[in-house]
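# Close look at the chain arrangement
Chain by chain, the residues run as shown.
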Amino acid sequence: MTDILDLPDWRCLDKRQDDAGTELHVEYTIDPDFCLKCGVVGNLYKHGFTNTTYLDCPMWGRPVRLLAKVRRYKCRDCSGTFLQPLEAIDAARRMTIRALEYIQQQSMRDTFQRVSEHLGCDEKTVRNVANEYIEGKDDGYRPYLPEWIGLDETHLNKVMRAIITDVKARKPIDMLPDRDKSTLRRWFGQFRDRSHVKGLAIDMWAPYRDVAAELFPNLPVVIDKFHVVKMANSCVERSRIRLGKAQGKKVNLAWKRSKALIRMRLRDLNDKQRFNLDMWLDNEPDMAAAYRLKERLFDIYDKPKAEAIKDYDSFANDVPASLKADFHELTRAMKNWRKEILNYFDHPITNAYTESLNGVAKVANRMGRGYSFEVIRARILFNDRKPSARQLRAQRAAQPTAAQETMRCCDLCKGLFYVAEVETFSLEHFLPKDKSLPLKYPEMLVVCNLCNSRSHKSFEV
Ligand SMILES: [Zn+2]
Ligand SMILES: [Zn+2]
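Quick notes on the rules
- Residues numbered from 1 in each chain as written.
- Chains lettered and ligands numbered in written order.
- Predicted model: local features only at pLDDT ≥ 70, side-chain atom pairs only at ≥ 80, totals over all residues.
- Heavy atoms only, no water.
- Axes fitted to C-alpha atoms, helices over the stretch in contact; angles between N-to-C directions.
- Helix = DSSP H or I, 4+ residues; strand = E, 2+ residues; numbered from the N terminus.
- Parallel < 35°, antiparallel > 145°, perpendicular 65-115°, else oblique.
- Left-handed = near helix turned anticlockwise from the far one by under 90°.
- Contact = heavy atoms within 4.5 Å.
- Buried < 20%, exposed > 50% of the residue type's maximum accessible area, 1.4 Å probe, protein only.
- Donors = N, O, S within 2.8 Å, 3.2 Å for Na, K, Ca; no water.
- Tetrahedral: all angles 85-135°; square planar, octahedral: opposite > 155°, others 65-115°.

Under an unreviewed UniProt entry, the protein chain has the name Transposase and belongs to Massilia yuzhufengensis.

## Here's the deal with the packing of helix α10 (residues 285-300) against helix α11 (residues 305-315)
Two elements in contact, α10 and α11, have axes separated by 9 Å at closest approach and are oriented at 150°. Compared by their axis directions, α10 and α11 come out roughly antiparallel. Note that α10 runs across α11; the crossing there is left-handed. On α11, the residues that touch L293, R296, L297 and I300 of α10 are A308, D311, Y312, S314 and F315.

## Quick notes on the side chain of H25
As for its position among the elements, H25 is in strand β2 (residues 21-28). Residue classification places H25 among the buried positions, given a relative accessible area of 15%.

## Focus: the coordination of the zinc ion (ligand 2)
Every protein donor of the zinc ion (ligand 2) is accounted for by C410 (SG), C413 (SG), C448 (SG) and C451 (SG), and the metal-donor separations fall at 2.3 to 2.4 Å. Taken together, the four donor atoms coordinating the zinc ion (ligand 2) span angles of 101 to 117° at the metal, a pattern that classifies the geometry as tetrahedral. Spacing between the donor residues of the zinc ion (ligand 2) along their common chain follows C-x2-C-x34-C-x2-C. With C413 in the loop between β13 (407-409) and β14 (416-418) and C451 in helix α18 (residues 449-455), this residue pair connects regions lying 38 residues apart in the sequence.

## Some details on unusual backbone geometry
Of note, the phi angle at R94 is positive, near 55°, even though the residue is not glycine. Along the polypeptide, R94 turns up in the loop between β6 (89-90) and β7 (95-96). Unlike most non-glycine residues, N218 shows phi in positive territory, near 75°. Structurally, the position occupied by N218 is in the loop between α5 (206-215) and β12 (221-222). Overall, N218 belongs to the exposed group, its relative accessible area being 80%.

Right, here's the structure in full:
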């Protein structure tokens, strides 16, 4: 049987609601059997009690406090008095251990301010818990050098930071304060033995290639497919915007609405979409040419290497003069990074995980404006989540999934959780029909595991 407290050996005596949240009157049911002062067993008697308030995890959208009736004992042997030792409580921080863990988890995902609002505590409390958590994690953290190194970057607090990943394991290994050569040299320099490294997957940032050539001569450096096709998509988009503007407001808006069509592969369009695309491109030779160039670039990746190289090398020449400017970014990159892009055909590894990680960093960045580099780094490295099957599929399709999209907000505690950590229930599943709710709730609730075990069919004390 579940209860609202859901703490072993604790009993809930009463429940009060006020504007500040829910107060549960509780007691711990286990008496100590020996004196904490002298150690003598079985010679204790109860000697009144004292009330102490502890912070707990939020429930039903409100902060929860536990008002604990803590017994005092006196020893017949040494006349010493002491308070009942309590399980599941962090006495120093005056909160339940699960509240502490909740803050640790949520502070890696959400802003300190929001976490403090959900719990009904000071923002400083959240910051202190988070900083201590980060320090503890950091102390035990030793980055390693993977077989396939991923090098990418993310824009954070106005600086580009390098992110190093284990490409094969799809794991972030470290985040550096910047992406300068000296910083990278120092990071790689901590590993004396680099002989097991098989190659590097980087994005098109020349210092990455330089450092790779310096420290890993003779190893393949790969620009993965994702980075190149992404560029092709943004070139077509450039054409779409430029040509659309010239068409006047109305047509431009229609083009904007249909822009998803030109992003898609021709082979993935259904009959209706294909019809709409034809309608569009039949009358727009420049737009049609831009779309064909994009498709052609994607097609290169489906071909055997020898054929692909032929197509690759004639690509720039086949860009019509009217589209040269729109496609310049791509053709220049294809020229400057030819070797690395073509290395993909021998080593079809993808650093798409770094890209989705970039999404995490960006979200973290947006949420925590002004957060220190250390906090964001911790959020990326220590937010120990396994990618779900769906996320992995998305990554394989080289479609980076923003962390936002895969996070759900628990309707009961307002915390952020990954899809695998929540379930959906109907509201009736939790509440007797005649009970009024503290807040308005939708018919279907997204609920985290903790809230589920605490609220499940047992709203009453
Ligand atoms: Zn004693
Ligand atoms: Zn919850």
